Amino acid sequence: MHCRVSRPWRQRRGRRAARRLGPPALAATCTLACLAPVAARADTIVAVAGSSVIVSGQPVGDATITAWRRDSLTGKPVVLGRFTGQANGLGPFSVNTTPPDVGGGDCWQKGALASPLTPDLLPGDAVTVTGAPGVAGGVQPPALTVLVPPDAKPSDGPIPGCASVAPFARNAITDAPQQVTGGPITVSGRAQPLATGVSVIAADAAHATATASATPAEDGTWSATIPAADLAALADGPLTVTPVFAVPDVATGAQAHLAAAPVSVQKHATSGDSAASAPGAPAPGVSTPAQAGGEPASPVRPGAVPPAGTATLQVMGLRVPARLSVAAARGRGISASLIAPAGASTVQLQLRRGGRTLATKTVAARPGTRKTVRLSSPAVRRLVRRGRYELRARAGSSPRRLGPPLVRTVVVR
């Protein structure tokens with residue numbers, strides 16, 4: 001590789017530098033100067049294959065792969081898994097692709113925990129790749145964050161050799177009735193290592209039950225029952241049953257709350273419509289370990305935004321302004337940016353204060369694509385004043401069938 005300079009004064013300066021430094025030093029300077037722009041233009045691609053991540057085009061130097069998801073209660077990022085290693089710039093920089101007995105391996109690492117975990121990467125989860133300044137002129141490559149694509153296959157756990165080093169961190173409902181009439185809903189499932197509790201709710205398009213709690217056994221199995229009295233307040237038809245797991249953040253060890261994929265249970269008013277599923281059958285829409293594939297998903301390119309949740313009928317990546325002036329709120333309205341989950345055709349945004357809904361906007365959804373919804377109705381311009389407001393975002397299969405809301409606070413001042 002040769003450096004080319006076009007201006008005569010640079011050529012004269014280069015010749016003077018050559019006489020001072022000598023040929024070896026000049027060659028080294030030229031090589032570094034030429035490498036820097038090449039590294040900056042590298043086409044970095046991140047591909048997710050089950051619970052493995054493969055990064056192509058990462059510049060030479062220390063690099064870290066971090067998998068994360070937002071807390072289902074607070075919206076704060078929760079680290080699911082982390083790996084730090086050395087990118088060589090020639091081959092891929094990856095995690096969970098090489099067993100530890102082959103060249104050191106690339107199993108997920110423990111972070112702040114007592115033991116490592118292999119994350120259960122779900123559609124909508126975020127993967128961030130960061131690098132340290134490398135040999136390319138000491139320039140630190142920018143961090144790259146992508147989303148696990150909506151069509152990604154379920155994680156299938158660590159590769160052989162990593163299972164004993166980094167056990168699988170899957171949280172899921174594995175058994176649930178397809179239909180229920182008059183009685184309770186009992187669901188069971190598994191929880192990741194180090195999980196301390198499970199909370200389960202059922203919801204129709206407008207209301208949700210109180211939380212039913214369970215504590216995982218040593219092997220991670222658990223079971224929770226939503227009482228019939230709680231279900232009586234919900235409308236007949238499909239109910240969404242969602243589990244939330246209390247787990248530690250891999251980076252800090254702090255307690256966090258992660259929602260897993262929900263299941264649908266049909267509620268009937270009369271026993272003539274009921275037909276319970278066979279005992280032990282997997283919950284609808286949940287893949288068993290035998291069904292979980294390990295084929296690579298389509299490569300994900302830069303530019304995606306991390307998600308805010310992973311429930312199938314709950315919006316992800318909800319982003320709102322934390323503070324806003326009265327003039328801005330009345331003039332431009334109040335907007336939110338969100339991602340509709342797979343299976344959703346509608347998203348709805350509401351502005352609320354003191355239990356009162358001030359404005360509502362319902363728009364068509366494009367699952368997996370970030371969308372901005374702006375509330376700028378006459379009611380917003382007339383009613384908004386200084387104070388704290390709630391933005392509630394929901395997603396569903398229709399305007400009448402919306403999942404549980406994701407709530408953010410906006411302070412107008």
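Below, the structure is looked at part by part. Every value quoted in this text rests on a predicted model; they were computed, and no experiment measured them. (Residues numbered from 1 in each chain as written. Predicted model: local features only at pLDDT ≥ 70, side-chain atom pairs only at ≥ 80, totals over all residues. Heavy atoms only, no water.)

Along the backbone of the protein chain there are five helices and 27 strands. In the protein chain, which comprises 413 residues, the share counted as buried stands at 45%. Across the protein chain, every contact between residues at least 6 apart in sequence was considered, and the portion connecting residues at least 24 apart equals 65%. (Helix = DSSP H or I, 4+ residues; strand = E, 2+ residues; numbered from the N terminus. Buried < 20%, exposed > 50% of the residue type's maximum accessible area, 1.4 Å probe, protein only. Contact = heavy atoms within 4.5 Å.)

Backbone geometry places N96, a non-glycine residue, at a positive phi of 65°. Judged by relative accessible area, which is 1%, N96 ranks as buried. Within the chain, L194 stands out as a residue other than glycine whose phi angle is a positive 80°. Along the chain, L194 falls in the loop between β12 (185-190) and β13 (197-203).

Our next topic: a positive patch on the surface. On the surface, R332, K361, R366, K371 and R374 cluster together to form a positively charged patch. The topology assignment puts R366 in the loop between β23 (356-364) and β24 (370-375). Taking relative accessible area as the criterion, R366 reaches 59% and is therefore assigned exposed. (Patch = residues over 30% accessible without salt bridge, like charges linked within 9 Å, V, L, I, M, F, W, Y side chains within 5 Å. Areas by Shrake-Rupley, 256 points an atom, 1.4 Å probe, with all protein chains shown as cover. Salt bridge = Lys/Arg side-chain N within 4 Å of Asp/Glu carboxyl O. Lys, Arg positive; Asp, Glu negative; His and termini not counted. Charge placed at Lys NZ, Arg CZ, Asp CG, Glu CD.)

Next up on the list: the pattern of salt bridges. Tallied over the full model, the rule gives four salt bridges. One salt bridge in this structure joins R69 and D125, with 2.7 Å as the shortest N-O distance. Here the residue R69 occupies a position in strand β3 (residues 61-70), and D125 occupies one in the loop between β6 (118-119) and β7 (126-131), the gap between them amounting to 56 residues. You can call R69 buried: its relative accessible area is 5%. What makes D125 buried here is its relative accessible area of 0%. With a shortest N-O distance of 3.5 Å, R392 and E390 are connected by a salt bridge. Taking the relative accessible area as the measure of exposure, E390 reaches 32% and is therefore partly exposed.

Our next topic: the state of the cysteines. Under the definition given, this model contains one disulfide. Across a sulfur-sulfur distance of 2.0 Å, C107 and C162 are joined as a disulfide pair. Judged by the sign of its S-S torsion, about -80°, the bond between C107 and C162 is left-handed. Highlighted residues: C107 in the loop between β5 (93-95) and β6 and C162 in the loop between β8 (144-147) and β9 (168-169), separated in sequence by 55 residues. Just as C107 is buried, C162 falls in that class too. (Disulfide = S-S within 2.5 Å.)

With that out of the way, let us pick up the sheet that holds β5. Spatially, β1-β2-β5 is the arrangement adopted by the three strands of the open sheet, whose pairing is antiparallel. Edge positions in the sheet fall to β1 (45-49) and β5, since each has one partner strand and no second. Here the strands of the sheet are splayed against their neighbours by 10° on average, with no regard to which way each runs. Taken together, the three bridges between strand β2 (residues 52-56) and β5 define a ladder with antiparallel strand orientation. The residue bridging V53 from the neighbouring strand is V95, located in β5. (Pairing = 2+ DSSP bridges. Axes fitted to C-alpha atoms, helices over the stretch in contact; angles between N-to-C directions.)

Judged by nonpolar contacts, the single largest core of 48 residues is most densely connected at V53, I65, W222 and V241. Discounting residues that sit within four places of it in the chain, V53 has contacts with V46, A47, I65, F93, S94, V95, W108, L121 and V127. (Core = buried A, V, L, I, M, F, W, Y, C linked by side-chain atoms within 4.5 Å.)

Within the open sheet, the three strands sit side by side as β19-β21-β24. Their pairing is antiparallel. Each end of this open sheet is capped by a strand with a single partner; those strands are β19 (316-319) and β24. Here the average twist between neighbouring strands, direction ignored, is 20°. In the sheet, β19 pairs with strand β21 (residues 334-339) via two bridges, with the strands oriented antiparallel. Paired with M316 across the two strands is I339, which belongs to β21.

Shape descriptors only; they carry no functional weight alone.
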